[in-house]
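# Commentary on secondary and tertiary structure
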Amino acid sequence: MFLKAQLQWNVIIPADNLDAKGLALQKAIIVRLMDEFAAKKATSSLGYFLAVTSLDKVGEGRVREHSGDVLFPVTFTCLTYKAFSGEVLEGEVHKILKHGVFIRCGPVENIYLSHLKMQGYSFVPGENPIFMSEKAAKIEKGVKLRVMVIGVRYMEAEKEFQAVANLDGDFLGPI
């Protein structure tokens, strides 16, 4: 699910980037904010950071004593993405194992669909392994798949989410 969030961060501008003209300072603040935003990647509460949509407020700068850098409190609005339990997602199969498949959906790289959650599908080994249903539907690498999320976990060290999904429900499966 896409979320819109308003955040307050502190942006530090090095002293050599400061200029008497306000436009250069505004640009330096935006560039620094974008760099920090891209490096942040994700948080457990908001999900993956996708885009800064607006710069709402730049507070008064405070000079840091030892370095001479200036710290600006910044308020901005951003777009994030987080998967929730019960949500239906469409993704692409990127890895097939004997015990299930991994699906990629937007920034979420690791959505696992266990063979136990694919009722009616059986594993067919080979050079290009697939899961085949009794109705001749195939789940193979590159196939678009609609699944329902049954659990989500945030991995703090990697700053990414993992999810577990199933095919139990109406209109779920290969698209």
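Let us look at the structure shown here. Worth saying up front: this structure is predicted, and the values here are computed from it rather than measured. (Residues numbered from 1 in each chain as written. Predicted model: local features only at pLDDT ≥ 70, side-chain atom pairs only at ≥ 80, totals over all residues. Heavy atoms only, no water.)

## Quick notes on the pairing of strand β12 (residues 144-155)
By the bridge criterion, 5 bridges tie strand β6 (residues 88-97) to β12 in an arrangement that is antiparallel. Following the sheet pairing, E92 is matched in β12 by K144. Where β12 and strand β14 (residues 173-174) come together, 2 bridges link them in antiparallel fashion. Within the sheet, the bridge partner assigned to R146 lies in β14 and is G173. From the end of β12 to the start of strand β13 (residues 160-166), which pair antiparallel, there are 4 residues, and K159 there has a positive phi angle of about 55 degrees. (Pairing = 2+ DSSP bridges. Helix = DSSP H or I, 4+ residues; strand = E, 2+ residues; numbered from the N terminus.)

## Overview of unusual backbone geometry
If you check the backbone angles, A136 has positive phi at about 70 degrees while not being a glycine. Topologically, A136 is positioned in the loop between β10 (130-133) and β11 (138-139). At F171, a residue that is not glycine, the phi angle is positive and equals roughly 65 degrees. When you line up the elements, F171 lands in the loop between β13 and β14.

## With respect to the packing of aromatic side chains
For the structure shown, the criterion picks out 10 aromatic pairs. Among the aromatic side chains, those forming a connected cluster through ring pairs are W9, F37, F49 and F76. (Phe/Tyr/Trp six-rings, centres within 6.5 Å; stacked < 30°, edge-to-face > 60°.)

## Structural notes on the pattern of salt bridges
Pairing is possible between side chains that carry opposite charge, provided their charged atoms lie close to one another. Per the counting criterion, the structure on display carries 6 salt bridges. Between R146 and E90 there is a salt bridge whose closest N-O contact spans 2.8 Å. In this pair, R146 is assigned in strand β12 and E90 in strand β6, connecting sequence segments 56 residues apart. Here E156 and K159 are joined by a salt bridge, their closest N and O atoms 3.4 Å apart. (Salt bridge = Lys/Arg side-chain N within 4 Å of Asp/Glu carboxyl O.)

## Regarding the sheet that holds strand β9 (residues 121-124)
One open sheet holds the 3 strands; their spatial order is β9-β10-β11, and the pairing between them is antiparallel. Of all strands in the sheet, those bounded by a partner on one side alone are β9 and β11. For β9 and β10, the ladder comprises 4 bridges, and the chain directions are antiparallel. Each residue of the ladder has a partner; that of S122, found in β10, is M132.

## Looking at a nonpolar patch on the surface
A surface patch of nonpolar side chains, about 270 Å² in accessible area, is lined by F2, L50 and L79. Here L79 shows up in strand β5 (residues 70-81). What makes L79 partly exposed here is its relative accessible area of 31%. (Patch = residues over 30% accessible without salt bridge, like charges linked within 9 Å, V, L, I, M, F, W, Y side chains within 5 Å. Areas by Shrake-Rupley, 256 points an atom, 1.4 Å probe, with all protein chains shown as cover. Buried < 20%, exposed > 50% of the residue type's maximum accessible area, 1.4 Å probe, protein only.)

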